[in-house]
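So you can see what is in the structure, the chains are spelled out below.
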Amino acid sequence: MALDKTIHSAFARATGPENVIDDPVRCRAYECDGLTGYRVVPDLVLLPRDAAAVAAAVRVCAEHGVAFVARGAGTGLSGGALPVADGVVISLSRLRRILEIDPVNRRAVIEPGVTNLEITAAAAPHGLYYAPDPSSQQVCTIGGNVAENSGGAHCLKYGFTTNHVLATEVVLPDGSIVTFGGDSPEQAGPDLRGVFVGSEGTLGITTKITVRLLPTPETVRTLLADFPSIGAAGDVVSDIVAAGIVPAAVEMMDTLAIEAAEQAVHAGYTVGVAAALVVELDGPVEECEVQFDQVKRICDRHGCTRLHIAGSAEERAAIWRGRKAAFAAVGRISPDYFVQDGVVPRTRLGEVLDRIAAMGKAAGLRVANVFHAGDGNLHPLVLYNAAAGETERAERLSAQIAELCVELGGSLSGEHGIGTDKACSMPKMFSRDDLAVMQRVRDAFDPDGLCNPGKVLPTPRLCGERPGPYRPHPLEEAGVIERL
Amino acid sequence: MTTAPAGRGAFDAHRPPERDLLDDCVHCGFCLPTCPTYQLWGEEMDSPRGRIYLMNLAEKGEIGLQGPFHEHIDRCLGCMACVTACPSGVQYDRLLESVRPQLERNVERSRGDRLFRNAIFALFPYKRRLRAAALPGALYQRLRGVPAVRRLAARLPGRLGALESLLPPVNVREAFATLPAHTPAVGERRARVALLSGCVQDVFFHRVNEATVRVLAAEGCDVLVPRDQVCCGALELHAGREDPALGRARRTIETFERLDVDHLVTNVAGCGSSMKEYAHLLADDPEWVERARVFSARVRDVHEVLADLLDDGGPRAPRHPFRGRVAYHDACHLGHAQRVRTQPRAVLRSIPELELVELPEAELCCGSAGIYNLVAPEAAAQLGERKAANVRSVGPTVVVTANPGCLLQIGRHLGTDLPLLHPMQLLDASIRGTAVPVR
Amino acid sequence: MSTPTALRPTDLRGVRDAVLDSAGPLAIAGAGTAAWAGDLHPVDAVLDTTGLTGVIAHNPGDMTVSAYAGTPLRELNETLAAHGQRVALDAARVARGATIGGLIATADAGPAALARGSMRDLVIGATVVLADGTVARSGGHVIKNVAGYDLAKLLHGSYGTLGVLVEVVLRLHPVPKQTATLALDCPLAEAAGRAAPVLDGPYEPVAVEWRSHSSGDGSGPAATEAGRLLVRIEATPDALGARARRLLRALGSGATEAGAQEWAAHAERVRGRPEQAVLRLGARPSTLPGLLAALPGAATDAAALTLGVGTGVATAALPASAEDVVAAHHAVHAAGGTSVLRDRPAGLGAPAWGPPPSALRVFKAVKTALDPEARLGPGRFDPWI
């Protein structure tokens, strides 16, 4: 049942009629985000131009009981911006002003539709930058980053979005506007800013964000090292950590991922090698040089077959282009693929990769691996051909990989979020009580359940009447954690 | 009676967008920041990802061509910045090339739109009519002999005025001047080339053609300019007017293929990109496919030729230094469509003391985009303003770009205080030691 | 009035049983190093967490540790030091035996917050018992994890009003090979200007703090008039000397290399003296020095001040007066900042909080959702809740 005309006109009054898309064909362009497997056509798409219009639109939702879903650039990979039937999409793509760059206090105040990279571009003239750098940073928006608590290649040293957001203005599901956080990390009362960041658009819509900016590092040293086995590359990572070095980034790619990336951007990776490691150090020049020498020695010690040190900003950019293009580039070597985003404790990397390889073999599907080796965040890409009827098998393998990560003491998602995609897997990681408490928190923000419903927490409608039974977490079995 | 092969979804059977090409898009959105219309409006349907999504739905027969679909495809500037940005290698250029003719065949346009488009295509590909339009005085007076223009003027005099206002004044001498049919190389010959003189280029920027011929000759090229050349069909091709575009392509091939030259050279980004596409365009035509392939393989942008000559023995002609900051704007049809980015910069750097500066948002179209500033003047004006602001932000002494559309569009928004030239004009001035012109 | 029942569980089950077996208002107590925020209303029972101690799991290769919330951070760090690792939090009361759970509940942090953040940035997982006995876990044992809501964040700064922290998983940092501290004497008004080259430059300082010479004992110059700017770096041995020399140049004339004991003096100012009312406040860094100087009694020899020049977090130990505390809260609020009252003489009767933030309604709704009977920590957020 579509929304009636009165409600349509209420939305048109809230945002201005020129900021409403009601044509069903046009609305179809919004039926999915970066995860195209899930599609729902919204009834309306609203494109408010400022926070007041967002609030006005949400008030109409609250008044008429209409579900709403906020959307940034639609690059999310967990279906977090999947519309709701008979609901509205509130696109933040027109809230894209940079309100303030404050070089003295090293911070920026921006609207949610500003892209991650635009913040750094605006800060750069002051010798500052915004540290979290998700692979999609040229297109993903800061509003989406806040919703997903985005990480990026450099979060090992610099942390995630939550560590860099000082304050966020939020339109709550009742249409009122509040601010979480403030001008300093000091907050009065519980860290609601921390709860909001990473809540995947289920607690409200961010309309203004204050982020910290950091001085651009003086030195950046980047190397690309080839190894004859994933295991050898993994040992390098362990040794770097054991040496007390905190690299800015440690990224690993396997044969298939290298092949795809190299085809796409010709970044100078060695096609055919078992594993490539990108290690980046940054910081004061003296520190960087000392530690970089250590890293080179560690690479050599583990049988590195080729060590390419970026000799210029262009060469460094090329290495990163290869790494950052890897996901999308897999489109070149396979008609279809699923991306997973599981995390395992770093020391279990070798084990999880062996098991993924075995699972892929058993399923008769290829799996490419790109991952943030420093923090154990895997991105297995399950390659398949929908036209050849492989979809279901691939979907199953993909879900199994995510659950394997939980089994090994990790998490379903390191940065892409739970969204629609993994909501039904949540009972594998959390008990019924854990989820019930999260639901209580959600209800405190959104008592009517209008704000991005169906995401993050499993629902009977989505996952069947009885979500999969909880099995004891292996850490629980090992006595590491207790469950009563 | 023969039955036409069945179409696919909403598309007819003649070259619908290929399923494989549509499937290449993984919906990652990396194209969004470089898309001019997404930058302006922030709407998914006006982004490359959204347009491909709609093509997909149309190909599956879930939506029709008339209405939203054709409106959003029409709004695409065809700048191909998305092709550069795409990590998955989606060939949006090919997709658009097959969809636009589908719209021309299958979509009923409003009367005003139809009249206006007919008038545009009755004017631009014809050097003679352009010359008439370019002379001082009312456009309509000069063009009343052209039926399409007469009809537009009768129904929509306002839009005729818009058309007129875009055309810069030009003096009689320049409008009617012609290039020499043969200009010998200065010194020992390094190459033999034929130059496409272009339509808009030759009427409004004849001085650019003259400079190009002089530069090529000074660098050791014999330059032929065939007198019987016609429009290469670029404007029609990019607007989806397939049949007339193919006709012009065949005539252009005929004119140039018999010449004994190393390269077919153009100094117009739009013409170069369409001529390099002839092989693909005529792929279904057994009589022409091989001729088109040979033709396209010989097409070079003038900067490609000059950069090769620089690599192969360095500059022939001594340059006079140019002390100033030069902002180079990548014309979309040169940078994105032909991927010619390093060569123009290398050619400019061959001028001693010249400081080359890059523009912010360099990948973003200036809003010219073939006939775009005629059919979507508001969007084009916003993009033009934005480009002009980006140009000013780097404080250049001179701005250069290698496409007449960009020169007209940026010129309108930049004002006249800053010299705005084709790179060949700057190089020509450097070689000859003359003052750098203002336009 | 009867003495509250003392409950001292030693494991998760014990905590749940203690919560379920008791009824009525319940307070949570750790090592007793911080009777901060609002004065506790009378309670029926006090849940003492000091029996909940010890490491549950530590895998050095993963650089994470899980431990019971009642474990003193100092003890935990002594254990971890054997592996060259630590929890990188240096709040002033860690030395006095503050527990992990207490440090989280009070949102405390020290000078290293500039580089490492506070507990909210270090906790990656938590197990919590709610007032109705529900046991909830969030986060996990991996640094990078976005599955589900982050309940540990909610407990951060909750002062024991939302739930009992039982188990905590923390991310670890390597113990630095070497550290150096540089010092420069200057009054409060000059601190930001002298620190600017360090904060804007490529030096990666771990801490940049200013502290008054005055401890408030009335023996020296006014707190605002004289003090010391302190900069700490962590380095590898081969790089330390060169980095320290470059920093000295950046700080300019008067800067010297100082010893680690400087930080003990800083911590002393943060803790304040028994007769002082200690406020912790946060504001935009550029406005903070002026704001501090204008607080009632700050510009006297009875005050002690510290200023996180980069973070915008400061402490002001002021002559205790209820009216002055009220005035200070309002001054901070007017400058767009926040403030909370920490240690103060018993019976001062000053409000712990200033004017409420816009997010108070959300806090209240969360409180109602998690503790509908308002059992936990009554009075801590007076007059807000």
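Residues numbered from 1 in each chain as written. Chains lettered and ligands numbered in written order. Predicted model: local features only at pLDDT ≥ 70, side-chain atom pairs only at ≥ 80, totals over all residues. Heavy atoms only, no water.

Novice: Now, about the overall build of chain C: what can you tell me, with residues and values included?
Specialist: From N to C terminus, chain C includes twelve helices and 18 strands. Taken over C-alpha atoms, the radius of gyration comes to 21 Å for chain C, in line with the 21 Å a tight globule of 385 residues would show. Projected onto its principal axes, the C-alpha coordinates of chain C cover approximately 65 × 55 × 35 Å. Looking at chain C as shown, the accessible area adds up to about 12700 Å², and 53% of this sits on carbon and sulfur atoms. Computed over 34 positive and 35 negative side-chain charges, the separation of the two mean positions in chain C equals 5 Å. (Helix = DSSP H or I, 4+ residues; strand = E, 2+ residues; numbered from the N terminus. Rg over C-alpha atoms; globule rule 2.2 N^0.38 Å. Areas by Shrake-Rupley, 256 points an atom, 1.4 Å probe, with all protein chains shown as cover. Lys, Arg positive; Asp, Glu negative; His and termini not counted. Charge placed at Lys NZ, Arg CZ, Asp CG, Glu CD.)

Novice: Tell me about the arrangement of the chains, and name the residues and values.
Specialist: For the two pairs of chains in contact, the maximum contact count is reached by chains A and C. There is no contact between chain B and chain C; across them, the least C-alpha separation is 21 Å. (Contact = heavy atoms within 4.5 Å.)

Novice: Residue-level account of the environment of Arg131 of chain B, with values.
Specialist: Residue and element names in this part refer to chain B. Within the element layout of this structure, Arg131 appears in helix α8 (residues 127-134). A sequence separation of 60 residues divides Arg131 from Ala191, and the C-alpha atoms of the two residues are 32 Å apart. Beyond its immediate sequence surroundings of up to four residues, Arg131 is in contact with Ala175, Phe176, Ala177, Asp202 and Val203.

Novice: Give a description of the pattern of salt bridges that names residues and reports values.
Specialist: Counted by the stated rule, this structure contains 86 salt bridges over all chains. Between Arg284 of chain C and Asp183 of chain A there is a salt bridge; the shortest N-O distance is 3.8 Å. Here Asp183 of chain A lies in the loop between β9 (177-181) and α7 (192-196) and Arg284 of chain C lies in the loop between β15 (276-282) and α10 (288-293), a pairing that spans two chains. Its salt-bridge partner being Asp191 of chain A, residue Arg193 of chain A comes within 3.6 Å of it at the nearest N-O pair. Judged by its relative accessible area of 3%, Arg193 of chain A is buried. With relative accessibility at 0%, the residue Asp191 of chain A sits in the buried group. (Salt bridge = Lys/Arg side-chain N within 4 Å of Asp/Glu carboxyl O. Buried < 20%, exposed > 50% of the residue type's maximum accessible area, 1.4 Å probe, protein only.)

Novice: I'd love a proper account of the sheet that holds strand β8 (residues 165-171) of chain A, names of residues and values included.
Specialist: Residue and element names in this part refer to chain A. Taken in spatial order, the five strands of this open sheet run β5-β6-β10-β8-β9, and their pairing is antiparallel. Edge positions in the sheet fall to β5 (98-102) and β9, since each has one partner strand and no second. The mean inter-strand angle of the sheet, taken between neighbouring strand axes irrespective of direction, is 15°. Bridge count between β8 and strand β10 (residues 205-212): six bridges; the pairing is antiparallel. (Pairing = 2+ DSSP bridges. Axes fitted to C-alpha atoms, helices over the stretch in contact; angles between N-to-C directions.)

Novice: Give me unusual backbone geometry: which residues, what numbers.
Specialist: Trans peptide bonds make up the majority, and among non-glycine residues the majority have a negative phi. Asp382 of chain C connects to Pro383 of chain C through a cis peptide bond whose omega is 5°. As for its placement among the helices and strands, Pro383 of chain C is situated in the segment after α12 (360-370). Of note in the backbone geometry, Arg15 of chain B takes a positive phi value of approximately 50° without being a glycine. With respect to the helices, strands and loops of the structure, Arg15 of chain B is situated in the segment before α1 (19-23).

Novice: How would you explain the interface of chain A and chain B if you had to name every residue and give the values?
Specialist: Tallying the contact residues gives 35 residues for chain A and 29 residues for chain B. Interface area, chain A with chain B, both sides summed: about 2500 Å², of which 53% is carbon and sulfur. Linking chain A with chain B are four salt bridges. Where Arg26 of chain A meets Glu71 of chain B, a salt bridge forms, and the shortest distance between an N and an O atom there is 3.2 Å. Summed over the shared surface of chain A and chain B, the result is 15 residue pairs in polar contact (both at pLDDT 80 or more). Elements that contribute at least two residues to the side of chain A that touches chain B include exactly α2 (24-28) and α12 (326-329) of chain A. Tallied by class, the residues present in the side of chain A that touches chain B amount to 14 nonpolar, eleven polar and ten charged. (Buried area = accessible area lost by both parts, 1.4 Å probe. Polar contact = N/O pair within 3.5 Å; in protein donor to acceptor, adjacent residues only side chain to side chain. Nonpolar A, V, L, I, M, F, W, Y, C, P; charged D, E, K, R; others polar.)

Novice: Can you explain the nonpolar core? Please cite residues and give values.
Specialist: Membership of the largest hydrophobic core comes to 137 residues, with the highest contact counts inside it found for Phe180 and Val211 of chain A together with Leu154, Leu170 and Leu281 of chain C. Core analysis: the next-biggest nonpolar cluster, separate from the first, contains 88 residues, Leu216, Leu306, Val394 and Ile431 of chain B among them. (Core = buried A, V, L, I, M, F, W, Y, C linked by side-chain atoms within 4.5 Å.)

Novice: Pulling in residues and values, what's your account of the interface of chain C and chain A?
Specialist: Each partner contributes to the interface: chain C provides 85 residues, whereas chain A provides 95 residues. Interface area for chain C against chain A, summed over the two sides, is near 7100 Å², with a carbon-plus-sulfur share of 56%. Considering only the side of chain C, the residues that lose the most area to chain A are Arg137, Lys144 and Tyr149 of chain C, jointly responsible for 14% of the buried surface there. Counting every contact that joins chain C to chain A gives 14 salt bridges. For Glu204 of chain C, the salt bridge identified is with Lys157 of chain A, shortest N-O distance 2.8 Å. The tally of links from chain C across to chain A stands at 34 residue pairs in polar contact (both at pLDDT 80 or more). In terms of residues, the side of chain C that touches chain A owes the most to one element, α12 of chain C, which gives seven residues. Across the side of chain C that touches chain A, the residue classes tally to 40 nonpolar, 22 polar and 23 charged.

Novice: Summarise the domain arrangement of chain C; cite the residues concerned and give the values.
Specialist: Residues and elements named next belong to chain C. Looking at chain C, the domain boundaries give domain 1 (1-175 + 355-385) and domain 2 (178-341). A straight line from the C-alpha centre of domain 1 to that of domain 2 covers 27 Å. On the side of domain 2, 21 residues touch domain 1, which itself brings 18 residues to the contact. Between domain 1 and domain 2, the buried area comes to about 1400 Å², and carbon and sulfur atoms account for 60% of it. On the domain 1 side of the contact with domain 2, Pro111, Leu114 and Pro355 bury the most area, a combined 43% of that side's loss. Put simply, domain 1 and domain 2 have four salt bridges between them. (Domains from an automatic or database assignment.)

Novice: Talk me through helix α3 (residues 51-64) of chain A; I want residue IDs and the actual numbers.
Specialist: All names here are of chain A. Along its 14 residues, α3 runs 20 Å from first to last C-alpha, staying within 8% of the 20 Å computed at 1.5 Å per residue. Considered for burial, the residues of α3 that qualify are Ala51, Ala53, Val54, Ala55, Ala56, Ala57, Val58, Val60 and Cys61. Once α3 ends, the next one or two residues include Gly65, with phi positive near 65°. (Expected span 1.5 Å × (residues − 1).)

Novice: Go over the state of the cysteines with me, naming the residues and quoting the values.
Specialist: All names here are of chain A. Applying the stated criterion to the full structure yields one disulfide over all chains. Here Cys424 pairs with Cys463 through a disulfide, and the sulfurs are 2.0 Å apart. Negative torsions about the S-S bond denote left-handed disulfides, and the value of about -85° found for Cys424 with Cys463 makes this one left-handed. Here Cys424, found in the loop between α14 (391-407) and α15 (426-429), pairs with Cys463, found in helix α17 (residues 460-463); they are 39 residues apart in sequence, far enough to count as distant. Take Cys424: its relative accessible area is 31%, and that puts it in the partly exposed class. Cys463 gets classed as buried once you look at its relative accessible area, which sits at 18%. (Disulfide = S-S within 2.5 Å.)

Novice: A description of the packing of helix α1 (residues 5-15) of chain A against α3 of chain A should follow, citing residues and the corresponding values.
Specialist: Packed helix pairs are specified by the crossing angle of their axes together with the interaxial distance, meaning the distance between the axes. Residues and elements named next belong to chain A. In contact at an axis separation of 8 Å, α1 and α3 are set at 160° when each is read in the N-to-C sense. Considering their axes alone, α1 and α3 lie roughly antiparallel with respect to each other. Here α1 and α3 pass one another in a crossing that is right-handed. Residue-level inspection shows Ile7, Ala10, Phe11, Ala14 and Thr15 of α1 in contact with α3, the latter providing Ala53, Ala56, Ala57, Val60, Cys61 and His64. Here the contact of α1 with α3 is built from residues that sort into nine nonpolar, two polar and no charged. (Parallel < 35°, antiparallel > 145°, perpendicular 65-115°, else oblique. Left-handed = near helix turned anticlockwise from the far one by under 90°.)

Novice: Give a detailed account of the packing of aromatic side chains, specifying residues and quantitative values.
Specialist: Summed over all chains, the structure comprises 13 aromatic pairs over all chains. On the basis of an interplanar angle of 20° and a centroid distance of 4.8 Å, the ring pair of Phe338 of chain A and Tyr384 of chain A is categorised as stacked. Here Tyr384 of chain A lies in strand β18 (residues 377-384) and Phe338 of chain A lies in strand β16 (residues 336-339), a separation of 46 residues in the sequence. Of the two residues examined, Phe338 of chain A and Tyr384 of chain A, each falls in the buried class. A network of ring pairs unites the aromatic residues Tyr159, Trp353, Phe363, Phe381 and Trp384 of chain C as a single cluster. Over the aromatic face of Trp263 of chain C sits the side chain of Arg232 of chain C, whose NZ or CZ is 4.7 Å from the ring centroid. (Phe/Tyr/Trp six-rings, centres within 6.5 Å; stacked < 30°, edge-to-face > 60°. Lys NZ or Arg CZ within 6 Å of the ring centre and 35° of its normal.)

Novice: Explain α12 of chain C to me, and be specific about the residues and the numbers.
Specialist: Every buried residue of α12 of chain C is accounted for by Leu360, Val362, Phe363, Val366, Lys367, Ala369 and Leu370 of chain C. On its buried face, α12 of chain C is in contact with β9, α7 and α16 (432-445) of chain A together with α6 (151-155) of chain C.

Novice: Hey, could you go over the side chain of Asp371 of chain C for me, with residue numbers and the actual values?
Specialist: All names here are of chain C. Secondary-structure assignment places Asp371 in the segment after α12. Its relative accessible area of 2% is what places Asp371 among the buried residues. Looking at Asp371, its side chain comes within polar contact range of the main-chain nitrogen of Arg375, at 2.9 Å. Apart from the residues lying within four places of it in its own chain, the contact partners of Asp371 are Ala131, Thr161 and Leu376.

Novice: With reference to specific residues and values, describe the packing of helix α16 (residues 242-257) of chain B against helix α18 (residues 289-298) of chain B.
Specialist: Residue and element names in this part refer to chain B. One can describe the packing of α16 onto α18 by two numbers: an axis separation of 10 Å at closest approach and a directional angle of 70°. When the interaxial angle is binned, α16 and α18 end up roughly perpendicular. Remark: the crossing between α16 and α18 carries left-handed chirality. Taking contact as the criterion, the partners of Thr252, Ile253, Glu254, Phe256 and Glu257 in α16 are, on α18, Arg291, Ala292, Phe295 and Arg298. Looking at the contact of α16 with α18 residue by residue, the class counts come to four nonpolar, one polar and four charged.

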